Amino acid sequence: MSPSGSCPVPDPATPGIRLDPDDIRNRMLSSRPAYGSSLARIWGKLRTEKRPKKAKNTGRSKPKRSTRQGQEPRKTGRSKNTRRSRSLVWRLTRWTLSIMLWGCMVVGLILGWFALDLPRIDLTAAMTRKPSITLVDENGALVATYGDQYGDVVPVNAMSHWLPEAVMSIEDRRFYSHPGIDPLGLLRAVVTNWQAGQTVQGGSTITQQTAKNLFLTRDRTFKRKAQELMLALWLEWTFSKEQIFSLYLNRVYLGAGTYGMEAASRKYFGVSTRHVTPYQAAVLAGLLKAPSRYNPENNKGNAHARARTVLQSMVASGVLTQAQAEHASSEGERYLASLPPRSHTGRYFSDFVLDQLDDLVGTVDTDLVVRTTFNKQTQKSAEHALNTVLNQYGATRHATQGAVVVMSPQGAVRAIVGGTDYSTSQYNRATQATRQPGSSFKTFVYLAALEQGLSPDDIIQDEPLTIRNWSPQNFDRQFRGDVTVREAVARSINTVAVRVAMKTGLRTVARTARRLGLSVSRVGEESPAMALGTEDNTLLAMTAAYAPLANGGMAAYPYSILDITTRDGQVLYERIGTAGTRVIRPDVVAQMNQLLGGVLSWGTGKAATLDRPAGAKTGTSQTYRDALYLGYTADYVTGVWIGNDDNSPMKRVTGGTLPAQVWKQVMEDIHRSLPARPIPSSRSSSDPDHDQEEAPPAIWTPADEIDRLQDMFGRR
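Notes on the structure in this doc start here.

Conventions we followed
Residues numbered from 1 in each chain as written. Predicted model: local features only at pLDDT ≥ 70, side-chain atom pairs only at ≥ 80, totals over all residues. Heavy atoms only, no water. Helix = DSSP H or I, 4+ residues; strand = E, 2+ residues; numbered from the N terminus. Buried < 20%, exposed > 50% of the residue type's maximum accessible area, 1.4 Å probe, protein only. Polar contact = N/O pair within 3.5 Å; in protein donor to acceptor, adjacent residues only side chain to side chain. Contact = heavy atoms within 4.5 Å. Axes fitted to C-alpha atoms, helices over the stretch in contact; angles between N-to-C directions. Parallel < 35°, antiparallel > 145°, perpendicular 65-115°, else oblique. Nonpolar A, V, L, I, M, F, W, Y, C, P; charged D, E, K, R; others polar.

**Notes on the side chain of R429**
Here comes step 1: Inspection of the secondary structure assignment puts R429 in the loop between β9 (413–417) and α15 (442–451).
Here comes step 2: For R429, a relative accessible area of 4% translates into the label buried.
Here comes step 3: At 2.9 Å, the side chain of R429 forms a polar contact with the side chain of S425.
Here comes step 4: Side-chain polar atoms of R429 contact the backbone oxygen of Y427, separated by 2.9 Å.
Here comes step 5: Residues contacting R429, with those up to four places away along its chain left out, are Y348, Q401, G402, A403, G418, G419, W641 and D645.

Below, the structure written as structure tokens:
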């Protein structure tokens, strides 16, 4: 065996001699030297041969690439294409990476710029809101609420499970699975909106909405959206899903100054979120899209339609079955229809109260509870009476507006009606509008005269009278000759009122009116026409001026606030005592009540006669522009005005017609459960003037009065 380990074979040329296989191979190669070299040359040529290129138009040929010695050029067509492809891919990759890198840098700079004015997150709890003001009556019953209304904080796991499920179904179904931003939800919203041709679905998650509600404005700008995304990621990183959801449900705005599901649930349904039904939950969740449009108080149809959409979304989410959703919808529609419509009862009164808060407690930054003198039933009676009369007679008598004030004899305002419809006009005609009181001002003319010694049974001449080219006329254009003061007041005789005012003194009459809270100008107190009610005053002031006649002669300044406290009970203001100073002697009060009682019994105000002692006076301004009726009992003082906002004349509407009807309806209604009580009709024995001797009745003749007037104003 050969050293190589191969088996030797016999040599055919030399018998008996054996050759090794390696020797045989070497001999074969040496005997055909051109075979191996030819193959090598061919293979080398194939590998190094190049595909000819198109010559560039340079004017000279490019030298051929040399090859290794002993080898022929190789063919490189396929290899060149591969290298070109690889080069193109590398270039695209390089440019893509460069663009991405620069894009990230630009986005980072933009986000950094937006982050410079992000709100201070650590001051979230200290963010201010408009303080709420809650008005209640003297027994604590709610009257109205103003400002931002927040309910008690209720964690999401303490609410009825229907509410969070309804919110997630319609707002963010993947809330518990996304990191604060939901690309799938955003894509779905884009597709849905594109198919609908308008924006019908939003792509913001609950976390994004929480960030917007807590920290940002509602501006639709790219900057605000970018900040919203950053804050949403921060919220997800900082708080748990339950905390974020609780924060959202307790801070989201739901219309009418109401924030949070708890406040809205109690406002619209009177129940806590712990006990809402599936339908109530659907209505509350539906408010999130547009609180004013789907408000169940103002738009029950829209609210129900939106609730049905939410219920179907709950079906799609697997929260309800179709049968449960249909049952909730049918039951809920009847329930929603049974809710009383939003009422504006007492809104004029509430505005009157709010206007006084700054003067009483100044500007405060805490929630307030204001206990008022308001009486809801009295307010309803006044509103109903005014609208009933105007709806029945207003069109034919060209009377479009009215006002009513009801107060206690001590000045506690129980009701204020400032117009026929608060929703169409918030102008308060009872407290803001000043009108001529007409003959209702004569009460203060006779009051001043009685204090000067005039008696109800004194005789005064009802004759023509001219003062400085002014000749007052009676309503019926007739003159009765000698009449008593009692008859002159009951029949509201103009000439007698002017004579009495001139006899008493115009400035004395003006001082008497001011003493009772009325406004009389310096120019007005020089004019005899003042006696017929030409000085403008509000209905509230006129009503309060009649109150001393009901309470025995004490000042009755109108008030509507009993006390003001914070929500934790701190007293900021409290009205102490209600008794005013004496402004009318008791004997004069008794005389005036006799005179004004005759107005009700047989005078111009007899259309409003009551079943109890009362006093009243009618008033009508020139050309029937204003008509008033003011009167009182031992329990209430009520004033009524009817007219037009543009001061246009009515069709023969006097104080004894439409205003008397309103006054009678209001007074009968609010006295229905009260026993009849007498009004002050005699002097108090404790009065220091009780033992004074009464002056005998005086007879005023026209000649004496004319002489006095001519001496005062000059003879013609």
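Now that the structure is up, let's keep going.
**Remarks on the environment of Q432**
Here comes step 1: On the secondary structure map, Q432 appears in the loop between β9 and α15.
Here comes step 2: As a C-alpha pair, Q432 and G418 span 14 residues in sequence and 8.7 Å in three-dimensional space.
Here comes step 3: When sequence neighbours within four positions are dropped, the list of residues in contact with Q432 reads Q426 and Y427.

**Side note on the packing of helix α10 (residues 278–286) against helix α11 (residues 300–316)**
Here comes step 1: For the pair α10 and α11, the least separation of the axes is 8 Å and the interaxial angle reads 105°. The pairing of α10 with α11 is recorded here as roughly perpendicular in orientation. Side by side, α10 and α11 meet where P278, Y279, A282, V283, A285 and G286 of the first sit next to H304, R306, A307, V310 and L311 of the second.
Here comes step 2: Among the residues forming the contact of α10 with α11, the class breakdown is eight nonpolar, two polar and one charged.

**A closer look at the side chain of T508**
Here comes step 1: Its location among the elements puts T508 in helix α18 (residues 506–515).
Here comes step 2: Residue T508 is classed as buried on the basis of its relative accessible area, which comes to 16%.
Here comes step 3: A polar contact of 3.3 Å, which involves the side chain of T508, links it to the side chain of R511.
Here comes step 4: With sequence-adjacent residues up to four places away left out, T508 is seen in contact with A448 and Q452.

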